[in-house]
Amino acid sequence: MVSAEAIVQVRDLANRFGSQSVHEHLDLDIYRGEILAVVGGSGTGKSVLLRSIVGLREPSAGRVQVFGENLQDLNSEQRRQVERRFGVLFQKGALFSSLTVRENIALPLIEHAGLSRADAEELAQLKVALAGLPANAGGKYPTELSGGMIKRAALARALALDPDILFLDEPTAGLDPIGAAAFDQLILTLRDALGLSVFLVTHDLDTLYTICDRVAVLAQKRVLVADTLERVAATDDAWIRDYFHGPRGRAAEQAAQRLQEPN
């Protein structure tokens, strides 16, 4: 259930790389229980925004407030406690190739939760099942997995510390349509079952139409609009028109409508 409580508040954010400015005066809220998608053209800084929120990049200006705390004001231990409540799935999974899936998932449980290796790996096996992987996937190395299984393994690792918010960077990129649709439904199921909030960067129009509560569009170095998909699609902007009302956008909308029709 989406609530009116903003658990992440980004205010007046700026991200600059030398003389290049990616974000200026950017504002965005993430509400408890929602699935929020961030879209935008190439170079609009979608992944940079994600990294700024989770503390992997220090903003050039502005503030990021999470669970009522301003990350920039916290000491390292306080910040670590807040960041433990994040689960992050990076592009291409970013699994350690020298570790099995189970060992990848157990690592944050050992390092951040202080569990023994045996306890961590036992709990990791539960996360394998939660991510929809077969039990034997836990003993496999990333090179032995398909692209879809790597995504699920990375999701299992993101869920290791029972986060309040999932941050997903292009979670369905590179997946075939069937695999992408299954992954979307898994995210929806996890949100509903675990009460998660989800922030995802995506280009996948099917994802937007099937599981997202709101969509935020990055343009002109800021969030141009953040609202329901219907209201965003109706915004008078050239990029939005091309993106949502082009052939792919119309096809995704029609597919979503067919899914909603009673049998």
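Anything mentioned here points back to the structure above.
Summarised in this report is the structure supplied together with it. None of the values given here were measured: they were computed from a predicted structure. (Residues numbered from 1 in each chain as written. Predicted model: local features only at pLDDT ≥ 70, side-chain atom pairs only at ≥ 80, totals over all residues. Heavy atoms only, no water.)

## Description of the nonpolar core
What counts here: Within this scheme, the nonpolar core is defined by two criteria: the residues are buried Ala, Val, Leu, Ile, Met, Phe, Trp, Tyr or Cys, and they are joined through side-chain atoms within 4.5 Å. The buried label goes to any residue with under 20% of its type's maximum accessible area, the exposed label to any with over 50%, and the partly exposed label to all in between, with areas taken from a 1.4 Å probe on protein chains only. Only DSSP runs of H or I reaching four residues or more are called helices, and only runs of E reaching two or more are called strands; each is numbered from the N terminus. It only takes one pair of heavy atoms within 4.5 Å for two residues to be counted as in contact.
If you look at the biggest cluster of nonpolar residues, it comprises 49 residues, and the most contacted ones within it are Leu155, Leu208 and Phe244. By residue number, the principal contributor to this core is helix H6 (residues 177-194), which donates 6 residues. Excluding residues within four positions of it along the chain, Leu155 makes contact with Leu89, Leu166, Leu168, Phe183, Leu186, Ile187 and Leu190. Membership of the second largest hydrophobic core comes to 28 residues, among which are Leu49, Ile53, Leu74 and Ile165.

## Topic: the environment of Ser76
Residue placement: Ser76 occurs in helix H2 (residues 76-83). Distance from Ser76 to Phe86, taken between C-alpha atoms, is 16 Å for residues 10 residues apart in sequence.

## A short note on the layout of surface pockets
The gaps of empty space that remain are located by a probe, the size of a water molecule, rolled over the atoms. Put simply, the test is: Residues are said to line a cavity or pocket when one of their atoms sits within 4 Å of a point; the points come from a 1 Å grid over protein atoms alone, cavities being sets where a 1.4 Å probe fits but cannot get out and pockets being open sets with protein on both sides within 12 Å along at least five of seven lines. Grid points are joined across faces, edges and corners, and a volume is the space filled by probe spheres set on the points. Three categories are distinguished: nonpolar for Ala, Val, Leu, Ile, Met, Phe, Trp, Tyr, Cys and Pro, charged for Asp, Glu, Lys and Arg, and polar for the others, with Gly belonging to the last.
Counted as a void, the largest pocket has a volume near 600 Å³. Phe86, Val88, Phe90, Pro108 and His112 are the residues nearest the centre of the largest pocket, which is lined by 20 residues in total. No other element matches the 4 residues that helix H3 (residues 101-111) contributes to the lining of the largest pocket. Taken together, the residues of the lining of the largest pocket sort by class into 12 nonpolar, 3 polar and 5 charged.

## Brief notes about the packing of helix H5 (residues 147-158) against H6
Definition in use: Angles here are taken between N-to-C directions and fall from 0 to 180 degrees, while the axes themselves are lines fitted to C-alpha atoms, restricted in helices to the stretch in contact. In these notes the angle categories are as follows: under 35 degrees is roughly parallel, over 145 is roughly antiparallel, 65 to 115 is roughly perpendicular, and the rest is oblique. Crossing handedness is defined as follows: a turn of the near helix away from the far one that is anticlockwise and smaller than a right angle gives a left-handed crossing, while the clockwise case is right-handed.
Running from N to C, H5 and H6 point in directions that differ by 15°, and their axes come no closer than 11 Å. With respect to H6, the element H5 is oriented roughly parallel. H6 is crossed by H5, and the crossing has right-handed handedness. Residues Lys151, Arg152 and Leu155 of H5 form the contact with H6, whose participating residues are Ala182, Phe183, Leu186, Ile187 and Leu190. Here the residues of the contact of H5 with H6 are counted per class, giving 6 nonpolar, no polar and 2 charged.

## Re the pairing of strand E8 (residues 197-201)
For clarity, the threshold we go by: We call two strands paired when DSSP finds no fewer than two bridges between them. Handedness of a crossover is defined as follows: orient the strands so they point away from the viewer, and if the path from the first strand over the helix to the second runs clockwise, the crossover is right-handed.
With respect to burial, E8 is a largely interior element, 5 of its 5 residues being buried. Burial of E8 is two-sided: the residues Ser197, Phe199 and Val201 facing one way and the residues Val198 and Leu200 facing the other way are all buried. As defined by bridge partners, strand E3 (residues 35-40) adjoins E8 across 4 bridges and the pair is classed as parallel. Bridge pairing links Leu36 to Phe199 in E8. Pairing of strand E7 (residues 165-169) with E8, which is carried by 5 bridges, proceeds in the parallel orientation. Directly across from Ile165, in E8, lies its bridge partner Ser197. Handedness of the crossover is the feature at issue here: the chain leaves E7, passes through H6, returns alongside E8, and the resulting connection is right-handed.

## Points about the pattern of salt bridges
The test is simple: Put simply, a salt bridge is a Lys or Arg side-chain nitrogen that is within 4 Å of an Asp or Glu carboxyl oxygen.
The full count for this structure, using the stated rule, is 16 salt bridges. Across the salt bridge formed by Glu103 and Arg117, the nearest N and O atoms sit 2.9 Å from each other. In this pair, Glu103 is assigned in helix H3 and Arg117 in helix H4 (residues 117-130), connecting sequence segments 14 residues apart. Given a relative accessible area of 52%, Arg117 falls into the exposed group. Arg241 is the salt-bridge partner of Asp236, the closest N and O atoms lying 2.6 Å from each other.

## Here we look at the side chain of Thr100
Residue position: Thr100 is located in the loop between strand E6 (86-89) and H3. In contact with Thr100, not counting residues within four places along its chain, are Gly138, Gly139, Lys140 and Tyr141.

## What to know about the sheet that holds E7
The mixed open sheet is built from 6 strands, whose spatial order is E6-E7-E8-E3-E9-E10. Sheet topology places E6 and strand E10 (222-227) at the edges, where each strand pairs with a single neighbour. Averaged over neighbouring strand pairs, the angle between their axes works out to 15° when direction is ignored.

## Comments concerning unusual backbone geometry
Residues other than glycine seldom take positive phi values, yet Phe67 does so here, at roughly 50°. By the secondary structure assignment, Phe67 is in the loop between strand E4 (61-66) and strand E5 (69-70). Even without being glycine, Lys221 reaches a positive phi, approximately 70°. You can see Lys221 is positioned in the loop between strand E9 (214-219) and E10.

## Comments concerning the pairing of E10
Looking at chain direction, E9 and E10 are connected through 5 bridges and run antiparallel. Residue Ala216 lies in a different strand from E10, and its bridge partner there is Ala226. Between E9 and E10, which follow one another and run antiparallel, lie 2 residues, and Gln220 among them has a positive phi close to 55°.

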